Each structure stands twice: as structure tokens, then as C-alpha cells.
Amino acid sequence: MNLLDLLPPEWRTELTPFLDEAATAALGAFVGAQYETNTVYPPVEDLFAAYRLCPPDRARVLILGQDPYHGPGQAHGLSFSVRAGVRIPPSLRSVFKELAEDVAVPPATSGDLTGWARQGVLLLNAVLTVRAGAAASHANKGWEAFTDATIRALDARDERVVFLLWGSYARKKAALISNPAHVVLEAGHPSPLNPKGFRGSRPFSAANKALADAGRPLVDWDPRAGG
């Protein structure tokens, strides 16, 4: 599997300077073999959904997850998001509660965050595939370098991007962001197993303030917006 051929062309151009060719080829071989021999999420057609829905020149916010949901029908290529009709996972329920308290968006009945992606929110997982029923099964196989390259590519852009880093894993990525044009907002992970550190962090209003300060369009954080 040639991963770069599957990426939208504009992202391929942005990422290539930050990728090791041999490592990317090895990752593609691993991922291709996994799709052939196991049930892997998300479906291959959704592998780069985050990139397809959010071109680099429109990216204004990045929300970083860790790896995809590993249950049937859940993952569709956007961090924290699940398709309409799928039960909303506990972490996303926490996100929706914070959303209501922060910017008065009523909790949605659907966990599909495609509307955010279409507004320039890159919903990126650090690892983009997972074997069914086996959390973190594709960690440390090369995806981390690929998604780090994505963060570096956004950091190299001149227009402000707001990086929302939730949880200890995501917060380590702050070291990749050095351009003073950008804003990093850190908080705890929204998992209900982590009752402190996320709730009350008000990330959505803070992100929009950072965008407004740079003259960039705000995000309508109602997930039903964005088409």
C-alpha cells in the first residue's frame, strides 16, 4: 500500500519534506498487509478522511487523539468521532458536556464530527489504524512519525493554527510546535476515568479567541454545523 498515493495531493506536498521515504514505505507495507489479513478500522476508504475533509490551507484547529476506536462501525477516520447512529463513546460525551458549558452548544444526539472537519478542524489520531478489538495494536509501527510530520507541516505554515492537545500523550506533541504564529492549548484527556483536567478547561471558546486574535474565521462548534 502506497500511503502517499492515498493522501490528497495537497497534503502529500505538505508532508513529503517531513517524512522518511523508507519508513513511510515500510509503514505502508505493514498497513496493507494488516488490511488483507485482519479486520482493521477504520475502513480503508476512511483511512485519510481527516485529511480529505480538511485541506491544509483551511486547517485552523487540530484536535489530536491517540488511536481509532476498535469496535465495529465506530471509527471513520476522524479522532473522537463516530458515525451517526453509533452510540456516543464516553470520552465524546465528556467533550459534548464541556461544549455545552463552554459555548452553550446543546449536546448532539449524533457523535459524527464531520461538520467540524469541514470547517477546518483537523481531527487527527496519532495512530491511524487499529486491529478490531485490540486497542493500540498498531502503535509503534510507524504511524507516529507520519502524524508527527502532519503536525510539523502545520507548524511550518504562517497562518495561525490552534492545537488542542488533550491528555498526556497528546501533550507530548507540544514539543513539535515552535512557530510563534500558532497557539497550543493543553488539557487533560476527556475520558470519564480522568475526572480532572479536561472539564472546565473551556477549549472551544479559547480556540475561537486565538483564531479571532489572528483574524482567522471562528469555528461554529455545533457539530451539526458545517454541512
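Thresholds, definitions, all that
- Residues numbered from 1 in each chain as written.
- Predicted model: local features only at pLDDT ≥ 70, side-chain atom pairs only at ≥ 80, totals over all residues.
- Heavy atoms only, no water.
- UniProt positions renumbered as here; feature names shortened; annotations may be inferred.
- Helix = DSSP H or I, 4+ residues; strand = E, 2+ residues; numbered from the N terminus.
- Buried < 20%, exposed > 50% of the residue type's maximum accessible area, 1.4 Å probe, protein only.
- Contact = heavy atoms within 4.5 Å.
- Pairing = 2+ DSSP bridges.

Caption draft 1: Focus on the UniProt feature "active site" (unreviewed entry) in the chain. Cross-referencing UniProt, the feature "active site" (unreviewed entry) maps to Asp67 in the present numbering. When you line up the elements, Asp67 lands in the loop between strand E2 (61-65) and helix H5 (90-103). Residue classification places Asp67 among the partly exposed residues on the basis of a relative accessible area of 22%. Beyond its immediate chain neighbours, meaning those up to four positions away, Asp67 contacts Asn125, Val127, Val130, Ala135 and Ala136.

Caption draft 2: Layout of unusual backbone geometry. A cis amide bond, omega -5°, links Tyr41 with the succeeding residue Pro42. Mapped onto the elements, Pro42 comes out in the loop between strand E1 (40-41) and helix H4 (49-53). In this structure, Phe80 takes a positive phi of about 70° despite not being glycine. Relative to the assigned elements, Phe80 resides in the loop between E2 and H5. On the basis of relative accessibility, which here comes to 9%, the residue Phe80 falls in the buried class. Positive phi, close to 55°, is recorded for Arg202, a residue that is not glycine. Its place among the elements puts Arg202 in the loop between strand E6 (183-187) and helix H9 (203-213).

Caption draft 3: The pairing of E2, seen in detail. The buried fraction of E2 amounts to 5 of the 5 residues, a majority that puts the element mostly inside the structure. Of the two faces of E2, the one carrying Val61, Ile63 and Gly65 and the one carrying Leu62 and Leu64 are both buried. In this structure, E2 lies alongside strand E3 (residues 121-125), joined through 5 bridges in parallel fashion. Of the residues in E3, the one forming a bridge with Leu64 is Leu124. In this sheet, strand E5 (residues 162-166) lies alongside E2 in parallel orientation, the contact comprising 4 bridges. Among the inter-strand pairings, Val61 is bridged to a residue of E5, identified as Val162.

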